[in-house]
Each structure stands twice: as structure tokens, then as C-alpha cells.
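Secondary and tertiary structure notes
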Amino acid sequence: MTKDGIAGVDFDSVFVTAPDGLKLHVRSYGPRLAPSLPVVCLPGLTRTAADFHELAAALASDSETPRRVLALDYRGRGQSDYDRDPRNYNLPTELADLLAVLTALELAPAVFIGTSRGGILTMMLASVRPRPLPAPCSTISAR
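In this report, we go over the structure that sits alongside the text. (Residues numbered from 1 in each chain as written. Predicted model: local features only at pLDDT ≥ 70, side-chain atom pairs only at ≥ 80, totals over all residues. Heavy atoms only, no water.)

Focus: the nonpolar core
In this structure, Val40, Leu42, Leu72, Val101, Leu102, Phe112 and Leu125 are the most contacted members of the largest nonpolar core, which totals 21 residues. Among the secondary structure elements, those contributing two or more residues to this core are β3 (23–29), β4 (39–42), β5 (69–73), α2 (91–104) and α3 (117–128). Here this core takes 5 residues from α2, the largest share from any one element. Among the nonpolar cores identified, the runner-up in size contains 11 residues, and Phe11, Val39, Val69 and Ile113 belong to it. (Core = buried A, V, L, I, M, F, W, Y, C linked by side-chain atoms within 4.5 Å. Buried < 20%, exposed > 50% of the residue type's maximum accessible area, 1.4 Å probe, protein only. Helix = DSSP H or I, 4+ residues; strand = E, 2+ residues; numbered from the N terminus.)

Below is the structure:
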């Protein structure tokens, strides 16, 4: 368990192997079997999972509807491995990484929050695998 900025709020660092073998980092907040739909937080292009710490901590510790919250570091960002091939820093590869994380952590359905690139990945996910997204689905994309 790691504490980051907010007194008493912990998260676990989880590592998932991407389809090409890279190690992807995910911050996991809250109980794995929380009663409410889990939340997946996807940062913008140059951002990291740490951007969602305050939101994730609040959602995970809500007294009425606690949730499991996962915040992903894309390849080459945060604590995820760097890819030596610059051609792999693209949306299709990152979508495959996201699918690997969702599968490994058995996360479906879930609520998705994405900023910028995270919003684009959420929309791409909805087009290739609509099942993890609750209906009706809305995407929040902010700068």
C-alpha cells in the first residue's frame, strides 16, 4: 500500500503485462469487491495515473457507494515500462494495453473517466468491446 498526498488514503500498485510483454502500472484504490460499479481512470497523452489520486481516493472511500478505482499509466509514462520502439506509442497499441489491463483485472462492466487521450481511448474501447461500458455510456473528456 502506498500513500500519496491525502492523509490515510492508500492505493496498491498493480502491474499487468501488455500483449508485447511490457509491464504496465495501474493504481488500484478501494476494495476489489466493492458493491458499486468500478471506475477506470485514463489520463491524457503526457499525464499519469497520479492525476486521478484525489478523485480515486474520494470515490473509493465514499461511505454510501464505495468503488474500486483503477488509474492506468500508459506505456512510457509513470511507472509503466518504456517501449524502445517509438512506433508503439499510438492509440491502437494503447487500446490493446487497456484491454489487457481490463482482462487481467477482471473488470467489466465499469465506468470510465478519461481526460483528452483517455476520452479517445474510452470511445475506441466502446467501439471494439462495448460490454465493459455500462449503458447508457457517456464519456467525459476535459483538458
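Some remarks on empty space enclosed by the protein
Summed over the entire model, instances satisfying the criterion amount to 1 cavity of 30 Å³ or more. Each pocket or cavity is described by its volume, and for the largest cavity that value is around 30 Å³. If you go around the largest cavity, the residues you meet are Val26, Val40, Cys41, Leu42, Leu70, Ala71, Leu72, Leu98 and Val101. Contributions of two or more residues to the lining of the largest cavity are made by β4, β5 and α2. (1 Å grid on protein atoms, 1.4 Å probe; cavity = no way out; pocket = protein on both sides within 12 Å on 5 of 7 lines; lining within 4 Å. Points joined across faces, edges and corners; volume = space filled by probe spheres on them.)

Some words on the pattern of salt bridges
Counted under the stated rule, the structure contains 8 salt bridges. Notably, a salt bridge pairs Arg75 with Asp83, separated by 2.4 Å at the nearest N-O pair. Assigned by exposure class, Arg75 and Asp83 land together as buried. Between Arg75 and Asp97 there is a salt bridge, and its shortest N-O distance comes to 2.7 Å. In this pair, Arg75 sits in the loop between β5 and α2 while Asp97 sits in helix α2, placing the two residues 22 residues apart along the sequence. Overall, Arg75 belongs to the buried group, its relative accessible area being 0%. Taking relative accessible area as the criterion, Asp97 reaches 4% and is therefore assigned buried. Connected via shared salt-bridge partners are Asp20, Arg75, Asp83 and Asp97. (Salt bridge = Lys/Arg side-chain N within 4 Å of Asp/Glu carboxyl O.)

Examining the environment of Leu91
Secondary-structure assignment places Leu91 in helix α2. By relative accessible area, Leu91 is classed as partly exposed at 22%. Separated by 26 residues in the primary sequence, Leu91 and Arg117 place their C-alpha atoms 8.5 Å from one another. Not counting chain neighbours up to four residues away, the residues in contact with Leu91 comprise Arg117, Ile120, Leu121 and Met124. (Contact = heavy atoms within 4.5 Å.)

What to know about the pairing of strand β2 (residues 10–17)
Alignment of β2 against β3, held across 6 bridges, turns out to be antiparallel. Along β3, the bridge assignment pairs Val14 with Val26. The antiparallel pairing of β2 with β3 creates a hairpin that spans 5 residues between the two strands, and Gly21 there sits at a positive phi of about 95°. (Pairing = 2+ DSSP bridges.)

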